[in-house]
Structure formats: structure tokens, C-alpha cells
Amino acid sequence: MLLIIRLKSLFSFLDIIAFARSRDEPLLSTSWIIQTHKSKTELGTKATEVTVEGKTYSTDEWMNTPSTILTAISRRLHLQQDHPLAITRKLIESRFPGYNTHNDLFPVVTVEQNFDSLGFPADHIGRSRTDTYYLNQDTVLRTHTSAHQADTFRANESAGYLISADVYRRDAVDRSHYPVFHQMEGARIWDRGALDAGKSLAQTVWEDVANIPKHDIEVEDPNPTTHAERNPLQDGHSAEDVEAMAAHLKRSLEDVVVAIFSTARSASAATTGGDTAAAPADEPLKVRWVEAYFPFTSPSWELEVFWQGDWLEVLGCGIVRQSILNNAGVSNKVGWAFGLGLERIAMLLYSIPDIRLFWSTDSRFLSQFSAAGPLQRFVPFSKYPACFKDVSFWLHSSSAITGAGGRGRNAQATSHDFHENDIMEIARDVCGDLVEDVRLVDEFVHPKTGRRSFCYRTNYRSLERTLTNDETNELHERFRQQLVEKLGVELR
């Protein structure tokens, strides 16, 4: 569920597109994935329709999804045999016996599914074209698995469910962010109208809690389950029922953490030949619950794990907002939900240092993973040299700044408004996975003209080969020119 997991943005705890083999060709063949009306494009006019895996959508001025992003849809890494994301998904699913799994839901959804059904305010930044990929004003690539939550509740197929899927967001360019990544969410629901005779909801939930596997890890949970200001009880929910559901939620997710990090510790020890002095596997596993806020739950928590000397945020969760269940037509039900980023968990499990690797087709990467054998930590192959290049530019004198350098963003942007995610999108579109990192290194305002200048540093590095100077120079020049053409900036 939950928009969380960017790990304070990683995932947007992001990811993707196959590695660029040639700077002059698309990252992947799109012949059977994306089809547009050639008669229109050949005449130089913008296509008014786009077909994604056999489904055709009308496009309008909201369309901002490049073909490189649409191409990623067919990959479905979380379903590929022996892929680290698929192995991670199955490990987590194994801790929820009896839950329905939904792993192949289509990623193109309506604005109603993605935002309205979850109560997103009309001016929420998540609705912005700077953050979300639109096909048209009413249709987007899902930004989270919660886009399917109301439909899943409405279908009422099981008391518990898990959804794993690829999700899409315009985001930063670095080793832990990618515009396509993978989330898992889960939920457990109880029907207040179908309780056994003589049993309260709280009694029923506590009986279910008793069936969750026990563990002996240290748990810090110092705060009360609800707090009137920090973590309020919802109207219509009793404290007794929420106490029981919170216990069921926390014990279920603690069980997941034990499975994940016990596996990671075993892999770490195996990699170092059992030398616990050389591996972080000998430190006691500890978890803690931290009060949080999410739009879809209340009360809400984040789960953190003490790993390799630091506390790491792993997931977010809470008691489902009753309004979501009411809007789905199941107002007699109550329950909990959680959300996590599969890349985040897999990077911890396997010690994978760069999110782009998940999309590699290089056998040196893929051959290291197998669902049949014990989990092994990723062994890096040769790291190829980086090439840093700067681009400096003046903004158009009438440009509005909507998000660069941490400033506030607007839900809508004009053709000359400047948003940092536009820089990132252009870099990815031009350079594919040959760009490792793009970051702002300098900005200033001219004291006389008031014009604002920015300097972005781009790190070009392939994970599979050494880039030539001519190649990076050509990439960077194309990047510079696209900034001019698409953002209207003036190069310095």
C-alpha cells in the first residue's frame, strides 16, 4: 500500500530499462510493445494514440511518458525466474501462507484508481506531471501498488492479499533511484459482520495473532498504539480492536524481518567463509517501531532494523483508513496494510550497490542468483571508470522554479517552468543507463539581472564496459542540446 519506500525516497526506497548497448538505438526493441500512428509521426505531428501491450490509449497535452519508460513494462523483473527481485518477492510471500498473491496486474491505471480512490487531495504533489507519468489527463502509469487497493478490497477474494508490481515515478538519477521500481504491499482484513457467535473482533484477531510464528529478536516499541495527536484512533474504531490488529500487523512484519535478515546474515557469513569477525553476521538482530504518518493509514508506523551498525527503514504500515474501505463498498471490514520496496530489500539481501544492475542482461550479474540454491551475496565484477561532465545554464527570464534544489513545486508547469525532475528525465532519455548520477553542484542569482543559473554535474559510467571519451562527449552534447530544446534554457 503506502507511497513510502523511497527509503525516504528510495523507491521511491528507483530503477530501470535495459543497459544501453548503443548510444544511437533505443534501449530495448519497442516494436511489439509500443505502436503509434506512423502516418502522423512521419508528418512531424505528435501521435494521438499509444498502444501498450495491445491496449490503446488516446494521448493529449498531459502525455509525458517517453518510449524508454514504456519499454520497461514488458520486463516484469519480479516475475523472472532466478532474478534477485523475484527471489526476494517469493521469500516475503512465504511468510504469509493463505494470502492471495497478485503479481501481474497491468500498470496503466486511471487517475481515479491511482489517486482519487485513496483520498489524494486535488493539489497533492503526487498528481503533478513533474512526478507522475501520464498517457492522458485521466490515465497514468501507476505510481504505487496501492492503485489496485480499492479494486482488491472490492473483489473480496480473501482475508489477506499481497500485490507485487512495477511502479513508475519521475525521480532523481543516482545509484539508488530509478524511474521504474518494484513495490510489494500487503493487507489483512477482518469482517465485523462475520464473526463467530459470542466472539468480539478483538478476540478473533488475538486468536489469529497466536498463529503467527514466534521469534526471539529484540523489539523496541516504546510508544502507545494510538496517540490523540501523533497517531490518532480513527472515528468508529475501538481501542481494543486496534490494539489487537496492531499486534497482528507488527508480529506479522517482524516475522518477515527475521526471515529476510537471517537469510542476509547467512549469506554474509558464507561469503566470508564463516569468518564472523569479517562479516556483520554476528551482531544481534534488533528492530524498532517508529510512529509515522501515511495518508492511507492511522495509526501508522515505520519498521526499522539495526543492520551493519545503523538503523535502516524497511517498510511502512498501519491500520487502513476506514474511508478507503467504505469507498470500496466493504464498510463492514477493518484491517491493516503495509508497503515496501523490493529493490531496497534485495539490495540489502545481496549487497547490490547500484539499482541499475537489476536491469542488466549481463551474465556476470544474472548467473550469481538462483532460487534453487542458498542465497549468496553479489560479487562485483570490474568497476569501469567514471567520467564527470558539467553543464551550466541560465534559466529563461520568465521561468518559474518548481522543485529544483528543494524548493516548492507546482502541480502544473508551463513550457518554460523549471523542475529538477525534467533534468533527470532528459538525462535518462538521452543517456539511458550510461548515466550513473546527476546532481546540482552550484546555483546563483545574477546581482544585476536577477537571472538564476544552475550547474549540474553528470557522472557517466557503464556497468558493463569502459566508455570512450568520444562517446561521453557526444552523449553530453546531446544532453546539453536537449536541455535547450525542451526546457528553453541558455547554455553558459
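Residues numbered from 1 in each chain as written. Predicted model: local features only at pLDDT ≥ 70, side-chain atom pairs only at ≥ 80, totals over all residues. Heavy atoms only, no water.

Named according to an unreviewed UniProt entry, the chain is Phenylalanine--tRNA ligase, mitochondrial originating from Polyplosphaeria fusca. Quoted verbatim from the Catalytic activity (unreviewed entry) heading of the UniProt record, the comment on the chain is "tRNA(Phe) + L-phenylalanine + ATP = L-phenylalanyl-tRNA(Phe) + AMP + diphosphate + H(+)". (UniProt positions renumbered as here; feature names shortened; annotations may be inferred.)

Peer 1: I'd love a proper account of the nonpolar core, names of residues and values included.
Peer 2: With 77 residues, the main nonpolar core has Phe96, Leu253, Phe261, Phe338, Tyr350, Ile352 and Phe358 as its most contacted residues. Here this core gets 13 residues from one element, more than from any other, and that element is helix α7 (residues 239-271). (Core = buried A, V, L, I, M, F, W, Y, C linked by side-chain atoms within 4.5 Å. Buried < 20%, exposed > 50% of the residue type's maximum accessible area, 1.4 Å probe, protein only. Helix = DSSP H or I, 4+ residues; strand = E, 2+ residues; numbered from the N terminus.)

Peer 1: Residues and numbers for helix α9 (residues 342-350), please.
Peer 2: Of all 9 residues in α9, 9 are buried; the element is thus mostly enclosed. Within the span of α9, buried status applies to Leu342, Glu343, Arg344, Ile345, Ala346, Met347, Leu348, Leu349 and Tyr350. Serine 351, located one to two residues past α9, shows a positive phi value of around 55°.

Peer 1: Outline the sheet that holds strand β17 (residues 452-460), supporting the account with residue identities and numerical values.
Peer 2: Read from one edge of the open sheet, 4 strands run β16-β17-β15-β18, paired in antiparallel fashion. Every interior strand has two partners, whereas the edge strands, β16 (435-445) and β18 (490-491), have only one. Seen against the sheet, helix α12 (residues 469-487) touches β15 (387-394), β17 and β18 and runs at an angle of roughly 20° to β15. (Pairing = 2+ DSSP bridges. Contact = heavy atoms within 4.5 Å. Axes fitted to C-alpha atoms, helices over the stretch in contact; angles between N-to-C directions.)

Peer 1: So, helix α6 (residues 201-209): which residues are in play, and what are the values?
Peer 2: Three or more residues of α6 are buried, namely Leu201, Ala202, Thr204, Val205, Asp208 and Val209. Here the buried residues of α6 occupy an arc of 160° about the axis, which is enough to place them on one side. (Arc of directions from axis to C-beta.)

Peer 1: For the pairing of strand β14 (residues 333-341), give the residues involved together with the corresponding values.
Peer 2: Burial analysis of β14 places 9 of its 9 residues in the buried class, which makes it a mostly covered element. The pairing of strand β9 (residues 180-191) with β14 spans 9 bridges and is classified as antiparallel. If you follow isoleucine 189 over to β14, its bridge partner there is glycine 335. Two elements, strand β13 (residues 310-320) and β14, share 4 bridges in a ladder whose sense is antiparallel. Bridge pairing in β14 places isoleucine 319 opposite tryptophan 336.

Peer 1: So what's going on with the packing of aromatic side chains? Residues and values would help.
Peer 2: On inspection of all chains with the given rule, the structure shows 17 aromatic pairs. Across the ring face of phenylalanine 306, the terminal group of lysine 286 is positioned such that the distance to the ring centre comes to 4.5 Å. (Phe/Tyr/Trp six-rings, centres within 6.5 Å; stacked < 30°, edge-to-face > 60°. Lys NZ or Arg CZ within 6 Å of the ring centre and 35° of its normal.)

Peer 1: Give me the lowdown on the pattern of salt bridges, citing residues and values where you can.
Peer 2: Evaluated as defined, the whole model comprises 26 salt bridges. The partner of lysine 199 in a salt bridge is aspartate 196, and the shortest N-O contact between them spans 4.0 Å. A salt bridge links aspartate 362 to arginine 364; the nearest nitrogen and oxygen atoms lie 2.6 Å apart. A residue is classified by how much of its surface remains accessible, and aspartate 362, at 10% relative accessible area, is buried. Residue arginine 364 is classed as partly exposed on the basis of its relative accessible area of 32%. Salt bridges linked by common partners bring Asp354, Arg356, Glu436 and Arg461 together as one network. (Salt bridge = Lys/Arg side-chain N within 4 Å of Asp/Glu carboxyl O.)

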